[in-house]
Amino acid sequence: MAVRAEQIPVGRARPLTARVRGWLDRESVLGPVFVSPALILLVLLVAYPFVMALYFAMSNSFIGRPSEFIGFRNFIRLWDSDAFRQTFQNAFVFTGIAVAFKVVLGIILALLLNEQLWFKRMIRGAVLLPWVIPTALSTLGWWWMFNSLYSVVNWTGLALGLMDPPGPNWLGQRYYAMAAVIIVNVWRGLPFFAITILAGLVAIPKEIYEAAHADGAGANARFWHITLPMLKPVLAVVVLFSTIFTFSDFNIVYVLTHGGPVNSTHLFATLSRMLVIDVGRLGEGAAVSLYLFPLLVFVVWAQLRFVRKHAN
Amino acid sequence: MGPYNRRQFLTTTGAGLAGILATRVAPARGQQREISYLCWNNFAPASDKKLAEIGQRFTKDTGIKLKIDHISHMGPQQAKYASEVQTQAGHDMVEMRMHFPWLYEPQLVDVSDVVAGLEKQYGKAVGSAYEGAHVNGVWRAVPQYHGMFVAAYREDLFKKASLKVPDTWEELYVVGKELKKMGNPVGIPISQNYDSISTAGPVLWSFGGLEVDKDGKTVKINSPGTVQTVEWYKKMFKDCMEPEVLSWSDASNNESLQQGKAGWIHNPVSAYIVAKQRKLVTADLINHHRSLGGPGGRHETDTPRHIGIWKFSKNIDASKEWIKYLLGKREVYDEYIMSGDAFNLPAYEKLQDHPVLRTDPKYAHLRGEGVQYHTYGWPAPASDRVQLITNSYILPNMMAKAVTGTSTKDAIAWAENEMKKIIAG
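In this text, all values refer to a predicted model and were calculated from it rather than measured experimentally.

K.L.:
I'm lost on the overall build of chain A in this one. Help?
P.N.:
In terms of helices and strands, chain A carries 15 helices and zero strands. What you see for chain A is a C-alpha radius of gyration of 27 Å, clearly larger than the 20 Å of a compact globule of 312 residues, by over 25%. Burial analysis of chain A (312 residues in total) assigns 31% to the buried set. In chain A, 68% of the contacts between residues at least 6 apart in sequence involve partners at least 24 apart.

K.L.:
Help me understand the overall build of chain B in this model?
P.N.:
When you go through chain B residue by residue, the secondary structure sums to 17 helices and 13 strands. Relative to the 2.2 N^0.38 estimate, which gives 22 Å for 425 residues, the radius of gyration of chain B is 25 Å and therefore close to what a compact globule would have. With the principal axes as the frame, chain B shows a C-alpha extent of 90 × 50 × 40 Å. When each of the 425 residues of chain B is scored for burial, the buried share is 52%. Residue pairs in contact within chain B that sit at least 24 positions apart in sequence constitute 78% of those at least 6 positions apart.

K.L.:
How should the interface of chain B and chain A be read in this particular structure?
P.N.:
The figure often quoted for interface size is the accessible area lost as the parts come together. Taken together, the 29 residues of chain B in the interface contact 22 residues of chain A. Elements that contribute at least two residues to the side of chain B that touches chain A include exactly α3 (74-87), α11 (252-258), α15 (384-391), α16 (394-403) and α17 (408-424) of chain B. A total of five residues in the side of chain B that touches chain A trace back to one element, the largest contributor, which is α3(B). Partitioning the side of chain B that touches chain A into residue classes produces eleven nonpolar, eleven polar and seven charged.

K.L.:
What should I look at first to understand the nonpolar core in this one?
P.N.:
One recurring pattern in soluble globular proteins: nonpolar side chains tend to sit buried together. Of all hydrophobic cores here, the largest spans 168 residues; its most connected members are V181(A), L256(A), V142(B), V186(B) and M399(B). Sorting elements by how many residues they give to this core places helix α13 (residues 268-279) of chain A first, with eight residues. Beyond its immediate sequence surroundings of up to four residues, L256(A) is in contact with T139(A), W142(A), W143(A), F146(A), L171(A), A180(A), V181(A) and V184(A). I107(A), F193(A), L231(A) and V238(A) belong to the second largest nonpolar core, which has eight residues in total.

K.L.:
Where do I start with the sheet that holds strand β9 (residues 264-267) of chain B in this structure?
P.N.:
Sheets are built from strands paired through backbone hydrogen bonds, the pairs being either parallel or antiparallel. Residues and elements named next belong to chain B. The strand order β8-β9-β7-β10 describes an open sheet built from four strands, whose pairing is mixed. Each edge of the open sheet carries a strand with a single partner, namely β8 (186-187) and β10 (286-289). Across two bridges, the pairing between β8 and β9 is parallel. Looking at β9, one finds that G187 is bridged to I265.

K.L.:
Help me out: how do you make sense of the domain arrangement of chain B in this one?
P.N.:
All names here are of chain B. Domains assigned within chain B are domain 1 (34-148 + 302-363) and domain 2 (150-290 + 392-424). Relative placement of domain 1 and domain 2: their C-alpha centres are 28 Å apart. Contact with domain 1, which involves twelve residues of that partner, is made by ten residues of domain 2. A per-class count over the side of domain 1 that touches domain 2 returns seven nonpolar, three polar and two charged.

K.L.:
Just to check I follow, could you spell out the packing of α16(B) against α17(B) for this structure?
P.N.:
The description of two helices packed together rests on the angle between their axes and the distance between the axes. Residue and element names in this part refer to chain B. Closest axis-to-axis distance for the α16/α17 pair is 9 Å, and the angle between their directions is 160 degrees. Of the possible angle classes, the one that applies to α16 and α17 is roughly antiparallel. The hand of the α16/α17 crossing is right-handed. Residues I394, M398, K401 and A402 of α16 pack against T408, A411, I412, W414, A415, E418 and M419 of α17.

K.L.:
In this structure, what is going on with the pairing of strand β7 (residues 150-154) of chain B? I would like to understand it.
P.N.:
Every regular strand shows the same layout, with side chains that alternate between the two sheet faces. Residues and elements named next belong to chain B. The element β7 is largely enclosed, with a buried count of four among its five residues. Here β7 runs beside β10; their pairing, made up of four bridges, is antiparallel. Bridging across to β10, A152 finds its partner in H288.

K.L.:
What exactly am I supposed to notice about the domain arrangement of chain A here?
P.N.:
Residue and element names in this part refer to chain A. Along its sequence, chain A is carved into domain 1 (15-57) and domain 2 (77-311). Between domain 1 and domain 2, the contact holds four residues from the first and six residues from the second. Residues belonging to the side of domain 1 that touches domain 2 are distributed by class as follows: four nonpolar, no polar and no charged.

K.L.:
When you look at helix α9 (residues 194-206) of chain B in this model, what are you seeing that I'm missing?
P.N.:
What sets the pattern is the α-helix's 3.6 residues per turn: residues three or four places apart point alike. All names here are of chain B. Its 13 residues place the ends of α9 19 Å apart at the C-alpha level, agreeing with the 18 Å of an ideal helix rising 1.5 Å per residue. Of all 13 residues in α9, 13 are buried; the element is thus mostly enclosed. Where α9 ends, the next residue or the one after it, G208, has phi of about 90 degrees, a positive value.

Definitions and cut-offs
Position labels on residues start from 1 in each chain and follow its written sequence. Following the order in which they are written, the chains are lettered starting with A and the ligands numbered starting with 1. Reporting in this predicted model follows two pLDDT cut-offs: at least 70 for local features of residues, and 80 or more for side-chain atom pairs to be given and counted; totals over whole chains, interfaces and linings ignore these cut-offs and use all residues. Secondary structure elements follow DSSP: runs of H or I of four or more residues count as helices, runs of E of two or more count as strands, with numbering from the N terminus. For a compact globule the rule gives 2.2 Å times the number of residues to the power 0.38, and the radius of gyration it is set against comes from C-alpha atoms. Each residue is classified by how many other C-beta atoms fall within 10 Å of its C-beta atom, where C-beta atoms are placed from the backbone; a count of 20 or more means buried, 12 or fewer means exposed, and values in between mean partly exposed. By the convention adopted here, residues are in contact when the distance between their C-beta atoms, placed from the backbone, does not exceed 7 Å. Think of it as three bins: nonpolar holds Ala, Val, Leu, Ile, Met, Phe, Trp, Tyr, Cys and Pro, charged holds Asp, Glu, Lys and Arg, and polar takes everything else, Gly as well. Note on terminology: a nonpolar core is any set of buried Ala, Val, Leu, Ile, Met, Phe, Trp, Tyr and Cys residues joined through C-beta atoms within 7 Å. Strands qualify as paired when DSSP identifies two bridges or more between them. What marks off one domain from the next here is an automatic or database domain assignment. An axis is simply a line fitted to the C-alpha atoms; with a helix, the fit covers only the stretch in contact. Between two such axes, the angle follows the N-to-C directions and lies from 0 to 180 degrees. We call two directions roughly parallel when the angle between them is under 35 degrees, roughly antiparallel when it is over 145, roughly perpendicular when it lies between 65 and 115, and oblique otherwise. Crossing handedness: left-handed means the near helix sits turned counterclockwise from the far one by under a right angle, and right-handed means the same turn made clockwise. By this rule the span expected of a helix is its residue count minus one, scaled by 1.5 Å.

Right, here's the structure in full:
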């Protein structure tokens, strides 16, 4: 319906909608309005829990009891704990081996996916499956495969004559148990590496390869002198994220081994859970979970610096 | 009374709402009391169904609405306790296992009045229930039922090899060697779970060892009794078991017996009950015998369960009414116990010879005369620090270290050091 100009009363205040529109036209108002939901979420879901964790880590807090501030005593006392020292070592072994495998296998898989394959889209989709399935659920499947009573891994190995009966005790012997959690972590994290590296591969201009080919460079030379250097920024970001996620992994170890046997697969998150939930020591548990924070901040800083330097 | 006009309606409802907000009390008319109860998924599932049925009858009889929630075994249950206590919100009542009332003592209501009534009716609470829920002179939870560890074995295999049912842990070693040769090893978990502690404790006690003294302060794990226990575990692991026991969860020994692998396990009757319910071929082959003894006597871990009421609950009286309804009415309590198929036994002395033990000839040994039942950490009082020793899995980790290459002396020294750190606080 058309509104005639004479219907708008002259001299009256502007309607509310017009005033709101006026405010929103100002950048100084609109900016904070857009940013505030994210800011509120960050404060509630990241900053608040982080500050609480800091507070707990510096207290002798025990579930359901009053606590006192004890400074850095939890962080120092943890070194007396056999379980913590073992966990510290486990975290570096687990992360180092798992990330190394994910980088190498991720590059190989990305190179394969970059080739002209039949059912290319379907294969690329299928590769993502381990990344898409909820970790706890897929790890339960792996637990069943490694379980001493039902292990299909051992059954297959024995049937093919690759193992001696009764086969490896995957979850009960320390090195096998560590191998098992690393295998599952690599299986789960590989798609993230492969797909991200694939995106990096696709972005490399074809002309560079054509020029190298014309100059007589073979496949090996092209990979070492073109592909890998051009992938460096992508690899740095992927390794950065993966290092953080792998260090803080919880689901895989919790479902597969519960940190056993004798703490040999505990990571910071699972040990922290045990101390807080099973034992009730909130303070010590929070200190365990925060132990690597300074180191991870350094890793983030160093890698982002590398990426920025490369970009410049 | 004529119809309200809009002004009258707004005035009346506005005044009422202001009154409710000012007094923070809802009007009596239309107000229904509602309580909530968190308990575990019982290993005898029929028991959970019966509990729901009794709950509905309770609501009908008393007008108090009851909401029962179930949660799976130990891990999630403990996480839930912790979050409810930290946030001071959640269920009114929680089912607590063994010594948990000690860990949550400051958060639990004194229920001594309810327990006094039940003890008057049924006799004293069984020793393990007393050890677990009677905290510093006050009942912090009401004993609900208990289930002890017994020996479950493959009767057919014993008959086939003419094996004698063992009476001591040493005799089990003799039998275990034969069972392993037959491909049916003994199944005692040596991993970070509660079943591992439930067996390690009785073996230790039966060899005359202990973790912490009666004073609750002096660590006594480094003793000849512990040396004998560790040596027994080492030879059992080598000659009677398979390394898989190092990776087992609480359910693994049950599954191993049910699937026809293990020839002997140490467990409550749940392995048999589930085999029977699922109509597994092994159900007919399993039988039980009482727990084993040693030079230090015949001791056994018991698993009493209690109902606690959180102090933050706003429905403490209504919660007590539910507990009295479930446990204080003899016919209701009997009905509840019978539904558990001998997995949940009454927690009071006069009810120990309960009809549920006569429902199946394989429950005959559950009465276990001469067996001393304890909660974890005995003979130390079940204090929070003693229970921290339990929850840190020091006992099974000590055994695991010893059976995987650490010397007996070093494994015990490690356990002693860990226990001393906990007791020192």
